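# Inside the fold
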Amino acid sequence: MAKRPLSSRASTTAEEEHNAAPRRWPTTITGHAEVDPTTLVPHPDNWRRHPSGQRAGLDASLDLLGWIDEIIVNTTTGFMLNGHARVEQALAHEEPLVPVKYVALSPEKERLALLIFDPLTSMAEGDSATLAALMEATPTEHDDLQVLYDMLAAEHGPSFSD
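Only a predicted model underlies this, so the values are computations on that prediction, with no experimental measurement involved. (Residues numbered from 1 in each chain as written. Predicted model: local features only at pLDDT ≥ 70, side-chain atom pairs only at ≥ 80, totals over all residues. Heavy atoms only, no water.)

What follows concerns the nonpolar core. Counting nine residues, the largest nonpolar core is built from Val35, Leu40, Ile71, Val73, Met80, Val87, Ala90, Val98 and Val100. Contributing elements (two or more residues each) for this core: β2 (71-74), α3 (84-92) and β4 (98-103). In contact with Met80, other than residues within four places in its own chain, are Leu40, Val41, Pro42, His43, Ile71, Ile72, Val73 and Val87. (Core = buried A, V, L, I, M, F, W, Y, C linked by side-chain atoms within 4.5 Å. Buried < 20%, exposed > 50% of the residue type's maximum accessible area, 1.4 Å probe, protein only. Helix = DSSP H or I, 4+ residues; strand = E, 2+ residues; numbered from the N terminus. Contact = heavy atoms within 4.5 Å.)

Laid out in structure tokens, this is it:
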């Protein structure tokens, strides 16, 4: 029996859509958990270093927002791929648990992820008008966040410090 093209159906289930075509970009995410940060292993090849100003801004962010992103751990090797500074700050503040996203990558792909994951994000370009509007709508009295605001303003637009 011939299958009808998906576009001719009135509706499809998620399972039918999933089975309709192979994924171009397969997920490597295998799970999520809250984990004792003392059990997490920093990657020995992590090349990114986190200066004190970044750590202070990270503390301020965690104080104001809580955890909005997960630490990434490769189940193949057991090493962290992303979130080293957040784990270090959690340890310094004796946080009992941190959110973790688990992925399964070969050692070769793990090295590639270490190399390009953060730099790809930092390649995004800023829209100074949108940044200005967002900063005006979101004032801060937190000194460590003001440093970040000033850095963003210097890089992408006018100063927003008083």
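Once that is clear, we can look at the confidence of the model for the protein. For the protein, mean pLDDT is 84; residues scoring 70 or higher make up 84% of the total. Throughout residues 1-11 the model reports pLDDT below 50, and contacts reaching past four residues in sequence, or to other chains, amount to four contacts. (pLDDT = per-residue confidence, 0-100.)

At a minimum axis separation of 10 Å, helix α5 (residues 128-137) and helix α6 (residues 143-156) run at an interaxial angle of 155°. As judged from the angle between their axes, α5 and α6 are roughly antiparallel. Relative to α6, the crossing made by α5 is left-handed. Seen from α5, the contacting residues are Ser128, Leu131 and Met135; seen from α6, they are Tyr149, Leu152, Ala153 and His156. A class-by-class count of the residues in the contact of α5 with α6 yields five nonpolar, two polar and no charged. (Axes fitted to C-alpha atoms, helices over the stretch in contact; angles between N-to-C directions. Parallel < 35°, antiparallel > 145°, perpendicular 65-115°, else oblique. Left-handed = near helix turned anticlockwise from the far one by under 90°. Nonpolar A, V, L, I, M, F, W, Y, C, P; charged D, E, K, R; others polar.)

The subject of this paragraph is the sheet that holds strand β3 (residues 80-82). Read from one edge of the open sheet, four strands run β1-β4-β2-β3, paired in mixed fashion. Where the open sheet ends on each side, the last strands, each with one partner, are β1 (29-35) and β3. The sheet shows a mean angle of 35° between the axes of neighbouring strands, direction not considered. Where β1 meets β4, six bridges bridge the pair, whose relative direction is antiparallel. Looking at the pairing, Val35 lines up with Val98 of β4. Against the sheet, α3 contacts β2, β3 and β4, and its axis sits at roughly 110° relative to β3. (Pairing = 2+ DSSP bridges.)

The next point concerns the pattern of salt bridges. With the rule as written, the count across this model stands at three salt bridges. Between Glu88 and Arg55 there is a salt bridge; the shortest N-O distance is 2.3 Å. Of the two residues, Glu88 is situated in helix α3 and Arg55 in helix α2 (residues 52-65); the sequence distance between them amounts to 33 residues. The partner of Asp69 in a salt bridge is Arg86, with the nearest N and O atoms 4.0 Å apart. Taken as a pair, Asp69 in the loop between α2 and β2 and Arg86 in helix α3 lie far apart in primary sequence, 17 residues in all. (Salt bridge = Lys/Arg side-chain N within 4 Å of Asp/Glu carboxyl O.)

Attention now moves to the pairing of β4. Along β4, five of the six residues are buried, which leaves the element largely enclosed by surrounding structure. As paired strands, β2 and β4 are joined by four bridges and run parallel to one another. What sits directly across from Val73, in β4, is Tyr102.

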